[in-house]
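# Summary of structural features
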Amino acid sequence: MNFSKKQVQGMRSAARYVAAGSLLVLMTGCATNQNLYQWGGYDAALYSSYKSPETVLELQTKLETHIAAMAQANQKVAPGLYAELGSLYLQAGKTDEAIAQYSKERELWPESRTLMDSMIKTLESRSKASPATSDKKTNGEATS
């Protein structure tokens, strides 16, 4: 196939435009690559708490501080952070605080509703059952 000089120049010009357009698209993609949510170092703190369980209190403090900062800045808290904080409260024996955090997670992230409702329901039923169970044990009655 033989191309005329004019056709070759046209193909070179088109190739330049395609290359310039591709470069522009790549540069634009990199410039707008920002995180959707602020995680506040959650991933590093979580990893640290898995690696050294004695740092769980640091994770809890970090989450509390980050969530408070997001609330003060009127920014949406990242998905799962309320639930994670609630789980930390639960591990510490603070059931009411855990339920409050699970409720916030449920309200902010509707896709978590089923899990959060289940967690809340389980914790509430445990709270109601605990006093009755402990009363029966102190009175010497057998529990079923």
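## As for the overall build of the chain
Within the chain, the secondary structure is distributed over six helices and zero strands. Counting the 144 residues in the chain, one finds 24% classified as buried. At a minimum sequence separation of 6, the contacts of the chain that also span at least 24 residues come to 44%. In the form shown here, the chain has an accessible surface area of approximately 10700 Å², with 55% of it arising from carbon and sulfur atoms.

## Considering the packing of helix α4 (residues 81-91) against helix α5 (residues 95-108)
For the pair α4 and α5, interaxial distance at closest approach is 8 Å and the crossing angle is 170°. One finds that α4 runs roughly antiparallel with respect to α5. Between α4 and α5 lies a crossing whose hand is left-handed. Listed contacts from α5 to Leu81, Tyr82, Ala83, Leu85, Gly86, Ser87, Tyr89 and Leu90 of α4 are Thr95, Glu97, Ala98, Gln101, Tyr102, Lys104, Glu105 and Leu108.

## Concerning the packing of aromatic side chains
Under the counting rule described, the total for this entry stands at three aromatic pairs. Centroid distance tyrosine 37 to tryptophan 109: 5.5 Å. Interplanar angle 80°. Geometry classified as edge-to-face. A residue pair is termed long-range when its members are at least 10 positions apart, and tyrosine 37 in the loop between α1 (5-31) and α2 (42-51) and tryptophan 109 in the loop between α5 and α6 (113-138) qualify at 72 residues. Like tyrosine 37, the residue tryptophan 109 is buried in the burial classification. Among the aromatic residues, those joined into a cluster by ring pairs are Tyr37, Trp39, Tyr42 and Trp109. Between lysine 76 and the ring centre of tryptophan 109, over which it is positioned, the NZ or CZ distance is 4.2 Å.

Reading the values: rules and limits
- Each chain carries its own residue numbering, running from 1 in the written order of its sequence.
- Local features in this predicted model are restricted to residues of pLDDT 70 or higher, and side-chain atom pairs are both shown and tallied only at a pLDDT of 80 or more, whereas totals for entire chains, interfaces and linings draw on every residue.
- Only hydrogens and water are set aside; all other atoms, that is, all heavy atoms of the structure, feed into the side-chain values.
- Going along the chain from the N terminus, every DSSP run of H or I of four or more residues is numbered as a helix, and every run of E of two or more is numbered as a strand.
- Buried, partly exposed and exposed residues are distinguished by accessible area as a fraction of the type maximum, computed with a 1.4 Å probe on protein chains only: under 20%, between the cut-offs, and over 50%, respectively.
- Two residues qualify as a contact provided that any one of their heavy atoms is within 4.5 Å of a heavy atom in the partner residue.
- Accessible areas in this description were obtained via Shrake-Rupley with a 1.4 Å probe; residue shielding takes into account the shown protein chains only.
- Axis lines are fitted to C-alpha atoms, over the contacting stretch for helices. Their N-to-C directions set the angle, which ranges from 0 to 180 degrees.
- Under this scheme an angle from 65 to 115 degrees is roughly perpendicular, one under 35 degrees roughly parallel, and one over 145 degrees roughly antiparallel; angles in between are oblique.
- Should the near helix be turned counterclockwise from the far one by less than a right angle, the crossing is left-handed, whereas a clockwise turn marks it as right-handed.
- Classification of ring pairs uses Phe, Tyr and Trp, with its six-membered ring standing for Trp, and accepts pairs whose centres are within 6.5 Å; under 30 degrees between planes counts as stacked, over 60 as edge-to-face, and the remaining range as tilted.
- In this scheme, the term charge over a ring applies when either NZ of a lysine or CZ of an arginine sits within 6 Å of the ring centre and within 35 degrees of the ring normal.

Distances and angles like these do not, on their own, reveal function.
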